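A closer look at the structure
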Amino acid sequence: RRSRDVHSVSMSAGKKISIVKVPFRGGQPLEGVDLAPDRIINAGLISNLETLGWNAVVHEVKTKDDDDDKVDASKDGGGILKRPRFVGRSGKELHDKSVDVLAGDGPSLSLFLGGDHSIAVGSITAMLHKYPDLCVLWVAAQPDLNIESSTLSGNIHGMTVAILSNVGQTSLPGFEWIEGKARLDTDRLAYFGLRHCDKFELDTIQKKNITAFSMSSLEHHGVRHCVEAALAKFGDRPLYLSFDINALDPGFAASVGTSLLGGLTRNKAKYRAVLVARTGRLVGMDMVEFNDAIG
């Protein structure tokens, strides 16, 4: 154990990590997820990173909740979408701030602490600005690939990947700013830990031939085999890890709004992250949907 810890320090010593707090819950209806960034930091994140040799710099992007943003698209002639303008404006503010943080040499690693998974529109679009060939490993129970005509809930956090990759839809209200930005090609996307897909999402994964490992695939083939298969497909391009804690089984992470049985164990989730980090190509990650007001 000691030798691994020493090795970790030597690999990261002197490197800069940018931590961006995004206390945002507008992509889903539950209160509490916006408190997660401070909860995680107060639990000792910074001191743990410093012990490993990282130099941490903390930023925050907090979007003001204006009255105009409180209107659902359904009340404004735009379907069932819930507060798309608020989510879209928050994404733009996060994108703009993050582009500034990443300018020049920037950090060796960027960590975005949500907040719900809709924050990934801003974080990943900013990372694509710096790394146009960025590859994304999306670790979650659901693929978040719904579009306006397929979503049953209207919650934007279930549409995040569709917005990032421009799958089957025009710009949503509030997301006009993303037009002309670098988009995520589905050839540079891989899912891990899927346990629930709506019909449109499953059809899209199959039609686009998106790399997707369900929990049954991970159990059958093993975490290492699946991760290495995705990494081999991505080649030597930069990597981004977008981690929703609902990828974990509720027995290990009950504090999440969309909890589903049969998820990853803590050790398997950690092993997957280690495999990605060992490539030396990890440039950023999201950690989202933690809500200790639940469970």
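None of these values were measured; they are calculated from a predicted model.

Re helix α7 (residues 199-208)
Taken as a whole, α7 has its buried residues at Glu201, Thr204 and Ile205. Projected down its long axis, α7 carries its buried residues within an arc of 100 degrees, all on one side. Exposed residues lying more than 90 degrees from the buried face of α7 are Lys199, Gln206 and Lys207. Contacts from the buried residues of α7 go to β5 (189-194) and β6 (211-214). Just downstream of α7, Asn209 is the residue with a positive phi angle, here 55 degrees.

Looking at the nonpolar core
Among the nonpolar cores identified, the biggest contains 45 residues, and Ile124, Leu134, Trp138 and Tyr191 are the most heavily contacted of them. Contributions of two or more residues to this core are made by β1 (16-22), α4 (84-102), α5 (120-130), β4 (135-139), α6 (160-165), β5 and β8 (282-288). Looking at this core element by element, the count peaks at six residues for α5. Each residue touching Tyr191, except ones within four places of it in the same chain, is listed here: Trp138, Pro143, Leu145, Val161, Ile205, Ile210, Thr211, Ala212 and Phe213. Counting 39 residues, the second-largest nonpolar core is a separate cluster that includes Val139, Leu241, Val256 and Leu264.

Comments concerning the state of the cysteines
What the rule picks out here adds up to zero disulfides. Unpaired in this structure, Cys135 has its nearest cysteine sulfur neighbour in Cys226, at a distance of 17 Å. Of all cysteine sulfurs, the one in Cys226 lies closest to Cys197, which takes part in no disulfide; the gap is 15 Å. Look at Cys197 and you get partly exposed, because its relative accessible area is 28%.

Describing the environment of Glu50
With respect to the secondary-structure elements, Glu50 resides in helix α3 (residues 45-51). Looking at Glu50, the relative accessible area reads 48%, which means it is partly exposed. As for Glu50 and Ile17, which are separated by 33 residues in sequence, their C-alpha atoms are 9.9 Å apart.

Considerations on the pattern of salt bridges
Inspection of every chain in the model, using the stated rule, returns ten salt bridges. Between Arg25 and Glu31 there is a salt bridge, with its nearest N and O atoms 4.0 Å apart. On the basis of relative accessibility, which here comes to 31%, the residue Arg25 falls in the partly exposed class. The exposure class assigned to Glu31 is exposed, which follows from its relative accessible area of 60%. Among the ionic pairs, Arg25 bridges to Asp34, the shortest N-O distance being 4.0 Å. Of the residues examined, Asp34 reaches a relative accessible area of 22% and is grouped as partly exposed. A network of salt bridges, in which partner residues are shared, links Arg25, Glu31 and Asp34.

Structural notes on the sheet that holds β1
Strand pairing in a sheet takes place through backbone hydrogen bonds and is either antiparallel or parallel in direction. Pairing in this open sheet of eight strands is parallel, and the strands run β2-β1-β3-β8-β7-β4-β5-β6 from one edge to the other. The open sheet has two edge strands, β2 (55-60) and β6, and neither has a second partner. Taken pair by pair, the neighbouring strands of this sheet meet at an average axis angle of 15 degrees, ignoring direction. Both strand β7 (residues 239-244) and β8 contribute to a ladder of six bridges, which runs parallel. The residue bridging Leu241 from the neighbouring strand is Met285, located in β8. Against the sheet, helix α10 (residues 266-277) contacts β4, β7 and β8, and its axis sits at roughly 165 degrees relative to β7.

Reading the values: the criteria
- Residues numbered from 1 in each chain as written.
- Predicted model: local features only at pLDDT ≥ 70, side-chain atom pairs only at ≥ 80, totals over all residues.
- Heavy atoms only, no water.
- Buried < 20%, exposed > 50% of the residue type's maximum accessible area, 1.4 Å probe, protein only.
- Helix = DSSP H or I, 4+ residues; strand = E, 2+ residues; numbered from the N terminus.
- Arc of directions from axis to C-beta.
- Contact = heavy atoms within 4.5 Å.
- Core = buried A, V, L, I, M, F, W, Y, C linked by side-chain atoms within 4.5 Å.
- Disulfide = S-S within 2.5 Å.
- Salt bridge = Lys/Arg side-chain N within 4 Å of Asp/Glu carboxyl O.
- Pairing = 2+ DSSP bridges.
- Axes fitted to C-alpha atoms, helices over the stretch in contact; angles between N-to-C directions.

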